[in-house]
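# Notes for the structure review
Here are the chains, one letter per residue:
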Amino acid sequence: MSRSIVRTKIMQIRVSDLEFEMIHSRASQAGLSCSELFRRNALLRPLPKRVTKIAIDTYIELGRIGNNINQLTASANAAIKLGQKPPYSCDELEALREILHQIRREITSSDESLLEDEDDLDD
């Protein structure tokens, strides 16, 4: 004996004329009613992870640390080119840099809007 879901509650939203047409078009293309389209999007799709201010601040600070590691790596490479022994291991600096990248990705869960600073580490 199957139970059917009785939907008695109504939710209203405001949309522009363009949004209205786009929603109807997407629902039609998917073979769904607008109500079903909204339910599926609202209930079945995961919400983006909220990123806290401290996570953002940590992410930015790790970027600054990464820039410092890049400078140390550049000076170590310059010393090697001059035939001198660098004061620190390039492999260790590279490992540190990769750890920083990994931590930054974990903090933001790959949230693209926060990864714009990532390019600074690669300079």
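Everything quoted here is computed from the prediction, not taken from an experiment. (Residues numbered from 1 in each chain as written. Predicted model: local features only at pLDDT ≥ 70, side-chain atom pairs only at ≥ 80, totals over all residues. Heavy atoms only, no water.)

## Re the overall build of the protein chain
- When you go through the protein chain residue by residue, the secondary structure sums to 5 helices and 0 strands.
- Along the protein chain, helices and strands appear, N-terminal first, in the series α-α-α-α-α.
- Per-residue burial over the protein chain gives 21% buried out of 123 residues.
- Residue pairs in contact within the protein chain that sit at least 24 positions apart in sequence constitute 57% of those at least 6 positions apart.
- Of the roughly 10300 Å² of accessible surface on the protein chain, 55% is carried by carbon and sulfur atoms. (Helix = DSSP H or I, 4+ residues; strand = E, 2+ residues; numbered from the N terminus. Buried < 20%, exposed > 50% of the residue type's maximum accessible area, 1.4 Å probe, protein only. Contact = heavy atoms within 4.5 Å. Areas by Shrake-Rupley, 256 points an atom, 1.4 Å probe, with all protein chains shown as cover.)

## Thoughts on the packing of helix α1 (residues 17-30) against helix α2 (residues 34-44)
- Following both chains from N to C, one finds α1 and α2 inclined at 90°, their axes separated by 9 Å at the closest point. Classed by the angle they form, the pair α1 and α2 counts as roughly perpendicular. Together, Ile23, His24, Arg26 and Ala27 of α1 and Cys34, Leu37 and Phe38 of α2 make up the contact between the two elements.
- Partitioning the contact of α1 with α2 into residue classes produces 5 nonpolar, 1 polar and 1 charged. (Axes fitted to C-alpha atoms, helices over the stretch in contact; angles between N-to-C directions. Parallel < 35°, antiparallel > 145°, perpendicular 65-115°, else oblique. Nonpolar A, V, L, I, M, F, W, Y, C, P; charged D, E, K, R; others polar.)

## Quick word on the nonpolar core
- Core analysis: the largest hydrophobic core is formed by 7 residues, namely Ala55, Tyr59, Leu62, Ile69, Leu93, Leu100 and Ile107.
- Mapped by element, the contributors of at least two residues to this core are α3 (53-81) and α4 (90-108).
- At 4 residues, the largest contribution of residues to this core is made by α3.
- Leaving out residues up to four positions away in the same chain, Ile107 has contacts with Lys49, Ala55, Thr58, Tyr59 and Leu62. (Core = buried A, V, L, I, M, F, W, Y, C linked by side-chain atoms within 4.5 Å.)

## Considering the pattern of salt bridges
- Applying the stated criterion to the full structure yields 6 salt bridges.
- In this structure, Arg40 engages Glu36 in a salt bridge whose closest nitrogen and oxygen atoms are separated by 3.0 Å. Here Glu36 and Arg40 lie together in helix α2, a separation of 4 residues that amounts to about one turn.
- Put simply, Glu98 and Arg105 hold a salt bridge, and the shortest N to O gap is 3.2 Å.
- By relative accessible area, Arg105 is classed as partly exposed at 35%. (Salt bridge = Lys/Arg side-chain N within 4 Å of Asp/Glu carboxyl O.)

## Regarding the packing of α3 against α4
- The interhelical angle for the contact between α3 and α4, taken along N-to-C directions, is 160°, at an axis separation of 9 Å. Here α3 lies roughly antiparallel to α4, going by the angle between them. The handedness of the crossing between α3 and α4 comes out as left-handed. (Left-handed = near helix turned anticlockwise from the far one by under 90°.)

## Some words on the confidence of the model for the protein chain
- Within the protein chain, residue pLDDT values average 82, and 86% of them lie at 70 or more.
- Mean pLDDT values for the elements of the protein chain range from 44 in helix α5 (residues 118-121) up to 95 in α1.
- In this model residues 110-123 is a low-confidence stretch, pLDDT under 50, and it forms 28 contacts with partners more than four residues away in sequence or in other chains. (pLDDT = per-residue confidence, 0-100.)

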